[in-house]
Amino acid sequence: MTDEPVPAHASPGDGAGFVDWVRPHLPAMARLAARLAVGADRDDIVQEALARAWTKRHQYDGTRGTASSWLLAITADQARKAVRRLRPVAELADHDEAVARPDVEARVDVDHALDELSARQRLAVDCYYFADLSIADTAAVMECSEGTVKSTLSDARARLRSLLEVSE
């Protein structure tokens, strides 16, 4: 996660400035959208988040957090909305059975284990491990304290160890 210096002329207040202001954060927004809304279109989620950020740009307060955490919080909110809009996928016919692949099956086990976490634990894991946010930025996205993030991550790791039967 980078909080690269934004050019001095960049400001969320005007069109060109807004583009320069959000550009360094787009990769993290895309990673978070992909992690939080599997099956939804990541680019659509980022686009919705950018539209929301544009309309709310006057509400951004740099003294309350980084641009990154503000934009990622909006992205997380849009990803949650996208998941609610998803429709169930039709079941595969018997003749479409998948060929067993150990590498994919191991990944599926991890995905299933992540699905077993509480929504709060999943958000913390996705932000910290998959979107590569700092504890402080994860706390800003989750709207909680850094201590709560650390505790939530610890609980999530313990739950994942149990679910995946991993010994230390």
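Up top is the structure these notes are about.
This text gives an overview of the structure that appears in the document.

Some remarks on the environment of Leu164
Then, in step 1: Here Leu164 shows up in helix α8 (residues 146–164).
Then, in step 2: Looking at Leu164, the relative accessible area reads 32%, which means it is partly exposed.
Then, in step 3: In this structure the C-alpha to C-alpha distance between Leu164 and Val110, which are 54 residues apart in sequence, comes to 7.4 Å.
Then, in step 4: Contact partners of Leu164, with chain neighbours within four places excluded, come to Asp109, Val110 and Ala113.

Observations regarding the packing of aromatic side chains
Then, in step 1: Summed over all chains, the structure comprises six aromatic pairs.
Then, in step 2: Aromatic rings pair up to connect Phe18, Trp21, Trp54, Tyr60 and Trp70 into one cluster.
Then, in step 3: We note Arg57 situated over the ring of Trp54; from NZ or CZ to the ring centre the distance is 3.6 Å.

Side note on the pattern of salt bridges
Then, in step 1: Enumeration according to the criterion identifies five salt bridges in this entry.
Then, in step 2: Residue Arg23 is joined to Asp20 by a salt bridge in which the shortest nitrogen-to-oxygen separation is 3.2 Å.
Then, in step 3: The class for Arg23 is partly exposed, based on a relative accessible area of 49%.
Then, in step 4: One salt bridge connects Lys81 with Asp77, and the closest N-O pair in it is separated by 3.4 Å.

How each quantity is defined
Residues numbered from 1 in each chain as written. Predicted model: local features only at pLDDT ≥ 70, side-chain atom pairs only at ≥ 80, totals over all residues. Heavy atoms only, no water. Helix = DSSP H or I, 4+ residues; strand = E, 2+ residues; numbered from the N terminus. Buried < 20%, exposed > 50% of the residue type's maximum accessible area, 1.4 Å probe, protein only. Contact = heavy atoms within 4.5 Å. Phe/Tyr/Trp six-rings, centres within 6.5 Å; stacked < 30°, edge-to-face > 60°. Lys NZ or Arg CZ within 6 Å of the ring centre and 35° of its normal. Salt bridge = Lys/Arg side-chain N within 4 Å of Asp/Glu carboxyl O.

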